[in-house]
Amino acid sequence: MTFIVRTRGAGGPIVAEYACPEHGRFEATVERILMPDALPCPDCSAPSPWTISAPLYKPQRGAVVRGRPADKPHPMAMDTRELGEGMPIAEWKAKRRKQWAEHDRATVRRDQAQRVERVLHAPEPGK
Ligand SMILES: [Zn+2]
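Residues numbered from 1 in each chain as written. Predicted model: local features only at pLDDT ≥ 70, side-chain atom pairs only at ≥ 80, totals over all residues.

### Some details on the environment of W92
Turning to its location among the elements, W92 is positioned in helix 2 (residues 89-120). On the basis of neighbour count, W92 is assigned to the partly exposed category, with 15 C-beta atoms found within 10 Å. Along the backbone, W92 and T80 are 12 residues apart, and their C-alpha atoms lie at a distance of 8.4 Å. With sequence-adjacent residues up to four places away left out, W92 is seen in contact with E82, L83 and M87. (Helix = DSSP H or I, 4+ residues; strand = E, 2+ residues; numbered from the N terminus. Buried ≥ 20, exposed ≤ 12 C-beta atoms within 10 Å, placed from the backbone. Contact = placed C-beta atoms within 7 Å.)

Written as structure tokens, this is what we have:
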């Protein structure tokens, strides 16, 4: 078994990374020799198996840091993965147009709802 976990000195506590199926990665400081194969998730206590640490992870002594998923891209961000997987450009552009049409309709609906809210909550005249 190979440990790809950085250590501070020989033996002693190390920071290991575990992954909850529900809440994602978290780090825990554990004794190197006793390093458990799984730990309870700090959020839901579900057994969370040890995982290989992310490449840019920095060891922190004595800290338990919850993992955080990467920021989601903007919903309308251009995603060319399907093109890379062989989708024809015309099909991809049609899908993109459809996404924008849905996005525009949602924006219009939200603006209308906000206008209705303003009218409903406007102060009555003469007061
Ligand atoms: Zn959890």
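### As for the sheet that holds strand 3 (residues 38-40)
Spatially, the 4 strands line up as an open sheet ordered 2-1-4-3, and their pairing is antiparallel. Every other strand in the sheet has two partners, leaving strand 2 (24-31) and strand 3 as the edge strands with one partner each. If you compare each strand with its neighbour and ignore which way they point, the axes differ by 45° on average. Looking at chain direction, strand 3 and strand 4 (residues 47-51) are connected through 3 bridges and run antiparallel. Pairing of A38 across the sheet is with P49, part of strand 4. (Pairing = 2+ DSSP bridges. Axes fitted to C-alpha atoms, helices over the stretch in contact; angles between N-to-C directions.)

### Overview of the nonpolar core
In terms of nonpolar packing, the biggest core is built from 8 residues, these being I14, V15, A16, Y18, C20, F26, A28 and L39. Of all elements in the fold, only strand 1 (13-20) and strand 2 reach the threshold of two or more residues within this core. In terms of residues, this core owes the most to one element, strand 1, which gives 5 residues. Apart from residues no more than four positions distant in its own chain, Y18 is found in contact with F26, A28, A38, L39, S48, P49, W50 and T51. (Core = buried A, V, L, I, M, F, W, Y, C linked by C-beta atoms within 7 Å.)

By themselves, these are just geometric observations and shouldn't be taken as functional.
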